[in-house]
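Now for the letters of each chain:
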Protein chains: 2
Amino acid sequence: MDADALSTFERRDWETTTDFEPVRFAMVGLGWWTRDEAIPATEDSDVCETTVVVSSDRGKSEEVVEETTAETALTYDEFHDGEATDEYDAVYVATPNAAHLEYVESAAEFDKAVLCEKPMESSVERARRMVEACEDADVSLMVAYRMQTEPAVRRARELVADGAIGDPVLVHGSMSQRLLEMIPDPDQWRLDPNLAGPGASVTDLGIYPLNTARFVLDADPAAVSAFARSEDEAFSDVPDEVATFEVRFDDGTLAACSASQNAHETGHFKVVGTEGQISIEPVFAGQAHRGFALELGENRAEVDYEEQNQMREEFDYFAHQLRTDGEIHPDGRHGLVDMEALEAIYESAAEGSVVKL
Amino acid sequence: MDADALSTFERRDWETTTDFEPVRFAMVGLGWWTRDEAIPATEDSDVCETTVVVSSDRGKSEEVVEETTAETALTYDEFHDGEATDEYDAVYVATPNAAHLEYVESAAEFDKAVLCEKPMESSVERARRMVEACEDADVSLMVAYRMQTEPAVRRARELVADGAIGDPVLVHGSMSQRLLEMIPDPDQWRLDPNLAGPGASVTDLGIYPLNTARFVLDADPAAVSAFARSEDEAFSDVPDEVATFEVRFDDGTLAACSASQNAHETGHFKVVGTEGQISIEPVFAGQAHRGFALELGENRAEVDYEEQNQMREEFDYFAHQLRTDGEIHPDGRHGLVDMEALEAIYESAAEGSVVKL
């Protein structure tokens, strides 16, 4: 085994320069993710900054202005009215899923690039409208799949493409967490189908192994099958307190995946090939330690590496591509494929049959 | 976390005495598994011994008599004719799957206890006949699920039953190997549906995560869904060079599993609960090192323990239960449930729909 295969992480294989004007962001939606993860990531960054924050809650947005580099607090209406558009270059959208579209449409109208959280929207139809709005206005749209700029995941993708594990055969992926311990509110939007879309666990968590498998395999789903179950009272409006799903990819690889918003926080991601396997565990949630292991035949090499701030990697990539006119990889058309797969997964769970894509 | 939860393996919680006459075995079928694993396990054991070996190949059986404690070599016809029945107390059956029934029927006729390899037979119907033959003759029938006497698996079952990880939510299981590297013969019986049954990977390997999940959860499959694929020429007669399958258990737990006879040798088994998870990896194939990890909330404890000879554990358990008139746990009725689940998995893969049990 070539030790270099594991030890030489090219942390930013996409980076050609850092010599450009920072990208100024309007942060739309000030939930815990934006406040605890996204804004700090831009504060950490040399090429991104948060200048505008947008929330329905004036108290919350003014508090964020006090605490961060942001200088302007807008209400949603003020944002839609085009206030302060000279103070930001791009928009990060992290509202409830079903509200993404309207903010992206306004951003497109103001000629602002968009970084939109996943899942893109609450339905395929609304996600498609988002893509079309950005294409019509010729603004860049990136879907915030932070795994695609995670160095270990990018390295895994390279290794698979180079044939390091032979031909890919199987993918195993899972993500689970205790949503109600993280956000102790049974009325939160992630449990409301009107705001979240068709479910709670696959849309929000299952999308990680699904999209990471697509990225690492460079393949798209051809068919899915799924089981879902909700038992806890708090999950009574969504079908998937817990779910398993299988994916048949268009390259023939099969995946066995799962997701739960009401189970111990854990996750794994493993690609098994004819000659070896690559696993990253824990993978999708933030953890201090991260292990990356490559097996080839009877040999095994493990690398524990220091975790990068995944949101900073993502923001910096987005800024770099905008400023260098580079192609943006997880774009809206890419995200649409996941939206279609998610709808198929819920359809399969409801109907008890395989759904082809 | 209670460190004792992990460190105090009761290796043999079933053992009450070793003070009994050893059980003498006739080994039926002298493939590599019997010669390299089963006979050496009995040689290692204080309570089991191999006295008779049965094979169609007289040269092979006489070679085994030369090399081992076995004293008598029988052909299959001689075995069926009841030769040397005073030289053995029990029969271990490890022929191709579709031949199990006839040897078990003869063993039952001779009033010999039976330890039969998994999968029990090539079809539910033949497995049912096996169960009935043993019940009619009132002889003990154990199906050789070596995970059920593996100390770590038994400990995992205890921990789950004690609520150590809260309520079980998800199971992840996988087993894969390179069959054609282990046995470089494309005409081997495991790839011949007439001898192996409906497939090659789920029947032979997928049965490990399936049965281990049943054992650890103390639950049975209620519905399954599966994808299967064969591409390599050597697998053209079977549907499942690789397969994924989901299981909905009757306690509500969902499982995401996979199996392949043509992928890197690896495997995992993980039970995720509301409060924690237990994982054993590697698990199903023999490995020098074995890791057992328990996570509870943010705490994690790992135990690396010396692997036990799983076949010796299994043989010794079987002998102990026979000599002490104890109940045998993985009995024929238990094995039948797996046979039904296996047939449902292949039906699901062929039909593209969920199959209920």
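Values in this document were obtained by computation on a predicted structure and should not be read as measured data. (Residues numbered from 1 in each chain as written. Chains lettered and ligands numbered in written order. Predicted model: local features only at pLDDT ≥ 70, side-chain atom pairs only at ≥ 80, totals over all residues. Heavy atoms only, no water.)

Strand pairing in a sheet is mediated by backbone hydrogen bonds. Such pairs are either parallel or antiparallel. Residue and element names in this part refer to chain A. Spatially, the 6 strands line up as an open sheet ordered S3-S2-S1-S4-S5-S6, and their pairing is parallel. Only two strands of the sheet have a single partner each, and these edge strands are strand S3 (72-74) and strand S6 (141-143). Along the sheet, successive strands turn relative to each other by an average axial angle of 25°, direction set aside. Pairing of strand S2 (residues 48-54) with S3, which is carried by 3 bridges, proceeds in the parallel orientation. Note on S3: the bridge partner recorded for Val54 is Leu74. (Pairing = 2+ DSSP bridges. Helix = DSSP H or I, 4+ residues; strand = E, 2+ residues; numbered from the N terminus. Axes fitted to C-alpha atoms, helices over the stretch in contact; angles between N-to-C directions.)

For the rest of this paragraph, the subject is the pairing of strand S9 (residues 242-249) of chain A. Residues and elements named next belong to chain A. Within S9, 7 of the 8 residues are buried, leaving the element largely enclosed by the surrounding structure. Summarising the sheet, strand S8 (residues 221-229) and S9 pair through 8 bridges and their orientation is antiparallel. What sits directly across from Ser225, in S9, is Glu246. The hairpin turn running from S9 into strand S10 (residues 254-260), its antiparallel successor, is 4 residues long, and Gly252 in that turn takes a positive phi close to 95°. (Buried < 20%, exposed > 50% of the residue type's maximum accessible area, 1.4 Å probe, protein only.)

Our next topic: the pairing of strand S7 (residues 168-178) of chain B. Residues and elements named next belong to chain B. The buried count for S7 comes to 10 of 11 residues, which makes it a mostly enclosed element. Judged from the 9 bridges that link them, S7 and strand S11 (residues 262-273) form a sheet pairing that is antiparallel. By the bridge assignment, Met175 is partnered in S11 with Gly267. Pairing geometry for S7 and strand S10 (residues 254-260), over 7 bridges, is parallel.

Attention now goes to the packing of helix H2 (residues 32-44) of chain B against helix H11 (residues 310-323) of chain B. Residues and elements named next belong to chain B. As a packed pair, H2 and H11 sit with axes 8 Å apart at the nearest point and diverge in direction by 60°. Classified by the angle between their axes, H2 and H11 sit oblique to one another. In this structure, H2 crosses over H11, and the sense of that crossing is right-handed. The segment H2 lies against H11, with Trp33, Glu37, Ala38, Ala41, Thr42 and Asp44 engaging Met311, Arg312 and Phe315. Partitioned by chemical class, the residues of the contact of H2 with H11 number 5 nonpolar, 1 polar and 3 charged. (Parallel < 35°, antiparallel > 145°, perpendicular 65-115°, else oblique. Left-handed = near helix turned anticlockwise from the far one by under 90°. Contact = heavy atoms within 4.5 Å. Nonpolar A, V, L, I, M, F, W, Y, C, P; charged D, E, K, R; others polar.)

With respect to the secondary-structure elements, Glu265(A) resides in strand S11 (residues 262-273). Taking the C-alpha atoms as reference points, Glu265(A) and Glu87(A), separated by 178 residues in sequence, lie 39 Å from one another.

The next thing to look at is the relation of the copies chain B and chain A. For the match of chain B to chain A, the screw axis carries a shift of 0.0 Å, the RMSD comes to 0.0 Å, and the turn is 180°. Taken together, the rotation and translation relating the two chain copies correspond to the operation of a two-fold axis. Rotation axis and chain B: the residue whose C-alpha lies nearest the axis is Ser353(B), separated from it by 2.0 Å. Both copies contact each other with a shared surface, as 98% of the interface residues of chain B are interface residues in chain A too. (Least-squares fit on C-alpha atoms with pLDDT ≥ 70 in both.)

Turning next to helix H6 (residues 124-137) of chain A. All names here are of chain A. If you check H6, its first and last C-alpha atoms are 20 Å apart, about what 14 residues at 1.5 Å a residue would give, namely 20 Å. Those residues of H6 not exposed but buried are Val124, Ala127, Met130, Val131, Ala133 and Cys134. The secondary structure elements touched by the buried residues of H6 are helix H5 (100-109), strand S5 (113-116), S6 and helix H12 (332-351). Positive backbone phi, at 55°, marks Asp138, one or two positions downstream of H6. (Expected span 1.5 Å × (residues − 1).)

Attention shifts here to the packing of aromatic side chains. All names here are of chain A. Taken as a whole and judged by the stated rule, the model has 22 aromatic pairs over all chains. A centroid spacing of 4.7 Å and a plane angle of 40° characterise the contact between Tyr76 and Tyr103, whose relative ring orientation is tilted. With Tyr76 in helix H4 (residues 76-80) and Tyr103 in helix H5, this residue pair connects regions lying 27 residues apart in the sequence. With relative accessibility at 5%, the residue Tyr103 sits in the buried group. Among the aromatic side chains, those forming a connected cluster through ring pairs are Tyr76, Phe79, Tyr88, Tyr103 and Phe110. (Phe/Tyr/Trp six-rings, centres within 6.5 Å; stacked < 30°, edge-to-face > 60°.)

Our focus in this paragraph is the domain arrangement of chain A. Residue and element names in this part refer to chain A. Domains assigned within chain A are domain 1 (11-143) and domain 2 (146-306 + 329-356). The C-alpha-based centres of domain 1 and domain 2 are spaced at 25 Å. If you look at the interface, domain 1 gives 24 residues, while domain 2 gives 27 residues. It is Trp32, Lys118 and Val124 that lose the most area in domain 1 upon contact with domain 2, and together they represent 23% of the buried surface on that side. Applying the counting criterion to the domain 1 and domain 2 interface returns 4 salt bridges. Across the salt bridge formed by Lys118 and Asp204, the nearest N and O atoms sit 3.8 Å from each other. There are 9 residue pairs in polar contact (both at pLDDT 80 or more) connecting domain 1 and domain 2. With 6 residues, the single largest contributor to the side of domain 1 that touches domain 2 is H6. Residues of the side of domain 1 that touches domain 2, tallied by class, amount to 13 nonpolar, 4 polar and 7 charged. (Domains from an automatic or database assignment. Buried area = accessible area lost by both parts, 1.4 Å probe. Salt bridge = Lys/Arg side-chain N within 4 Å of Asp/Glu carboxyl O. Polar contact = N/O pair within 3.5 Å; in protein donor to acceptor, adjacent residues only side chain to side chain.)

Here we come to the interface of chain B and chain A. Residue-level contacts link 48 residues of chain B with 47 residues of chain A. Taking both sides of the interface into account, the surface hidden between chain B and chain A amounts to around 3600 Å²; carbon and sulfur atoms contribute 56%. If you sort the residues of chain B by the area they bury against chain A, Phe227(B), Glu246(B) and His264(B) come out on top, with a joint share of 21%. For the pair chain B and chain A, the interface holds 4 salt bridges. Across the chain B-chain A interface, the total number found is 31 residue pairs in polar contact (both at pLDDT 80 or more). The set of elements that each furnish at least two residues to the side of chain B that touches chain A consists of S7, strand S8 (221-229), strand S9 (242-249), S10, S11, strand S12 (276-281) and strand S13 (289-296) of chain B. Counting residues per element, the side of chain B that touches chain A draws most heavily on S11(B), at 10 residues.

Checked against the element boundaries, Ser106(A) lands in helix H5. Each residue touching Ser106(A), except ones within four places of it in the same chain, is listed here: Phe79(A) and His80(A).

Now for the pattern of salt bridges. Here the idea is simple: oppositely charged side chains can pair when their charged atoms come close. All names here are of chain A. A complete count under the given rule lists 52 salt bridges over all chains for this structure. The salt bridge partner of Asp204 is Arg190, with a shortest N-O separation of 3.2 Å. One end of the pair, Asp204, is in helix H10 (residues 202-217); the other, Arg190, is in the loop between helix H8 (179-182) and helix H9 (193-196), and 14 residues separate them in sequence. You can call Asp204 buried: its relative accessible area is 9%.

All names here are of chain B. Across the 10 residues of helix H5 (residues 100-109), 7 count as buried, placing the element largely inside the fold. Every buried residue of H5 is listed here: His100, Leu101, Tyr103, Val104, Ser106, Ala107 and Ala108. Tucked inside the fold, the buried residues of H5 contact strand S1 (23-28), helix H4 (76-80), strand S4 (90-93), strand S5 (113-116) and helix H6 (124-137). Downstream of H5 by a residue or two, Asp111 has a phi angle that is positive, lying close to 65°.

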